[in-house]
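So you can see what is in the structure, the chains are spelled out below.
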Amino acid sequence: MIITIIYEEFLFFHELSRDWIDRKVVYSTLLLYRRQLVLRYLSISSSVLTNKKVIKMSRPLHRGVPAIRVTSSSNGLLDSQVKEQTEKEELDRNQSSHRFPSWSLFSDNSPLTKYDATDNDFASDPFIVGTPRSRHRLTMLLLKSSLVVIVILALTGSFCWTLSISTSSRGHIFHSSRRLQEQLVSDLWDIGELSFGTSRMKEIEFCPGELENYIPCFNVSENLDSGFSDGNEYDRVCRQGSRQNCLVLPPMNYKIPLRWPTGRDIIWVANVKITGQEVFTSGSLTKRMMMLEEEQISFRSASLMFDGVEDYSHQIAEMIGLRNESNFIQAGIRTILDIGCGYGSFGAHLFSEQILTICIANYESSGSQVQLTLERGLPAMIGSFSSKQLPCPSLSFDLLHCARCGIDWDKKGINGTFLIEVDRVLRPGGYFVWTSPLINVQSSLRNKEKQKRWNFVRDFAENLCWELMSQQDETVVWKKTSKKTCYNSRKSGSGPSICSKVQDVEFPYYRPLQNCIGGMHSRRWVPIEERATWPSRSNLNPSELALYGLHLDELNEDTANYRIIVRNYWSLLSPLIFSDHPKRPGDEDPSPPYNMLRNVLDMNARYGGLNAALLEARKSVWVMNVVPTTGPKFLPLILDRGYFGVLHDWCEAFPTYPRTYDMVHAEGLLSLESSQHWRCTMLDIFTEIDRMLRPEGWIIIRDTALLIDSARVLTRRLKWEARVIEIESNNDERLLICQKPFFKRQPS
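If you look the chain up in an unreviewed UniProt entry, it shows as Putative pectin methyltransferase QUA2 isoform X1 from Gossypium australe. According to the UniProt record, the Sequence similarities (unreviewed entry) comment for the chain reads "Belongs to the methyltransferase superfamily."

Quick look at the structure:
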């Protein structure tokens, strides 16, 4: 069989070099032949190997449509259009069957993965050895020998074909044919690696049950052994080898979260690590606003505590000088950093007012504020004011909120450093809202220690040039100055000094806390009342863009491109998501495609174009915009547009709990990491994506064809269902769409 195939390939090249001169026909023919060659030898390799049993899922994976092409001018592919295209492609294949073998990149009835499915709808593993050793060695030897012959014949035939083409045509197709030859050799090399054995393609094992909520870089026991104490043991410390080379399984009774907005108010108890006792003894304002009901946790919008979140938000608005919280936008308040957010009820209430509230809280092994907030579909990430600066630039937020957040702003030995960090990330003219029993005047008068602590915070805030706007009950509101001259008018030695240019780092990445006032050297020092209000803020003017070295045309072009991209993404995902699950148990009737996804992570956000396009299309999502530390630093631009984002090194674990995002998007990230000589492997990045992604979640990766081909091979090791889609407007790039299966933990 091997010899027959080799002879067929030789005849194919001979016929190609003798008859087919048309440039476009040759190009498309070689491209199809390259794919068929790869699939042919994968089939030969798999014919001598046996299937491997995988863990069953609780529900079948979503079925997809056949391979389709994404066009830059498309307004979306409806199911009927997909069916017509499928029939047309089938007809074309039948008409060309006399020239090519009956192989294609994706079959009409295949699921997302290109491999055959078993009776249980799972992809079989063609790389597990199950034949006698002698037969296996003989087969591998034949395969290796045939590969060498094929490479020689392929390159020789291609060379002869090139010589036979006229001089005038050669210049037009030289670049394309050379690229195809390189891809052909690359694919044959990959097949050669497969023939050496199964070790390189072995599927990654599942993690032990105790790691179902594991977050690399947050290891309390190791921190204690290293001498951390006084709360610093909960800090983020990324040590060498902190990653676990395994796939994190969900808890035993894990259930797919309810769709937004139902999932905002009701979550499954089994999906988070919290006990009933922790629910009933929760101490903060927003933590108390939930009830345990059988298998669910219900978050109430009202509570006897402070007359509910609505009244509490209304109180803050009045203290700022506004009629109610609906006037936050008019006052220039769009982004809020909620420190120690409880379970996100404050932000959940303000979401209806188009206020983006981000929860920042310490790592907690159980009863986590961040985990429950993300489970509700609200923005959150693990962060700490205890020793390190947040991975955000200066002057990032319009308001900072702390309601019994557990931070001792007057902590001994810190000398107000926590408040200095608040000042750094707060925009000029922004607000700091603090709710604490320490502020209660009557209580402080009876307790001299409390009065002393309150006086320290109040005096330190004054030395930071904050204006005390109002104090009611246990809540106080300060306003950061909009004028730099205030700092020079302070009494000598009465407050922290201004950072030098060396100390005032625009892009801190978990740097130690500073004892000086930062942000003073930034060209982004613009009071919030002078900025455009939302949603006009998302479209920066030319003078604002000039701060980042951008022109208005560049931003407009990026926005226009992402409008098309988002439309095509939704067209691709809609039939896949709703094919098997038009309505999940316990859900309201879905109104696709608006509530398909909620938590979205953009791993290489650039200007925040994906975020802007999703909001413009009125998708009910929020986006965690991540700017890699190795790439262009446009994070301040993203924050100034009214979005949220952080710096991150993708060779480290992202500060979030497992199963927290519905979709992960990465455009150009693999090219960026490859330009840095792969400080970590592609597999390291993909296992981190798998950890963050919810079961049945989606991964969309756009990159060069060569990198996408390499990524597609890795998807089998991660047990993802994957499909490669060509982009008609760009022949050098491909789209890789994957879905993470829902694997259920088996009872031990």
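What follows continues from the structure just given.
**A few points about helix α12 (residues 417-425)**
Across the nine residues that make up α12, a large majority, nine, are buried. Against the buried residues of α12 lie β9 (397-403), β10 (426-435), α14 (448-463), β11 (466-472), β12 (475-480) and α15 (485-488).

**Regarding the sheet that holds strand β8 (residues 380-382)**
Strand pairing in a sheet relies on backbone hydrogen bonds. The paired strands run either parallel or antiparallel. Across the sheet, which stays open at both edges, the seven strands sit in the order β8-β7-β6-β9-β10-β12-β11 with mixed pairing between neighbours. Two strands close off the open sheet at either side, each with one partner strand: β8 and β11. Going from strand to strand, the sheet's axes swing by 20 degrees on average, the running direction of each strand aside. Of the pairings in the sheet, the one linking β10 to β12 comprises five bridges and is antiparallel in character. Residue pairing for β12: Trp-434 is matched across the bridge by Val-476. Across the sheet, α12 is in contact with β9, β10, β11 and β12; its angle to β10 comes to roughly 135 degrees.

**As for the nonpolar core**
Grouped together as the largest cluster of nonpolar side chains are 122 residues, with contacts concentrated most on Trp-409, Phe-432, Trp-434, Met-624 and Phe-686. Looking at which domains feed residues into this core, each of domain 1 (305-489) and domain 2 (534-581 + 593-740) gives three or more. Not counting residues within four places of it along the chain, the set of residues in contact with Met-624 comprises Ala-380, Met-381, Val-600, Leu-601, Asp-602, Phe-644, Val-646, Phe-654 and Tyr-661. Within the second largest apolar cluster, 24 residues are counted, among which are Val-566, Leu-614, Met-663 and Trp-698.

**Observations regarding the state of the cysteines**
One pass over the full model with this rule turns up seven disulfides. For Cys-402, the disulfide goes to Cys-405, at an S-S distance of 1.9 Å. Between Cys-402 and Cys-405 the disulfide shows an S-S torsion of about -75 degrees. By sign, it is left-handed. You'll find Cys-402 and Cys-405 in the same group, each marked buried. Each disulfide pairs two cysteine sulfurs, and for Cys-651 the partner residue is Cys-680, the sulfurs being separated by 2.1 Å. Across the S-S bond linking Cys-651 and Cys-680, the dihedral sits near -85 degrees, which makes this disulfide left-handed. Of the two residues, Cys-651 sits in the loop between β15 (645-648) and β16 (661-667) while Cys-680 sits in the loop between α20 (669-675) and α21 (682-692), which places them 29 residues apart along the sequence. The exposure class assigned to Cys-680 is buried, which follows from its relative accessible area of 8%.

Basis of the calculations
- Residues numbered from 1 in each chain as written.
- Predicted model: local features only at pLDDT ≥ 70, side-chain atom pairs only at ≥ 80, totals over all residues.
- Heavy atoms only, no water.
- UniProt positions renumbered as here; feature names shortened; annotations may be inferred.
- Buried < 20%, exposed > 50% of the residue type's maximum accessible area, 1.4 Å probe, protein only.
- Helix = DSSP H or I, 4+ residues; strand = E, 2+ residues; numbered from the N terminus.
- Contact = heavy atoms within 4.5 Å.
- Pairing = 2+ DSSP bridges.
- Axes fitted to C-alpha atoms, helices over the stretch in contact; angles between N-to-C directions.
- Core = buried A, V, L, I, M, F, W, Y, C linked by side-chain atoms within 4.5 Å.
- Domains from an automatic or database assignment.
- Disulfide = S-S within 2.5 Å.

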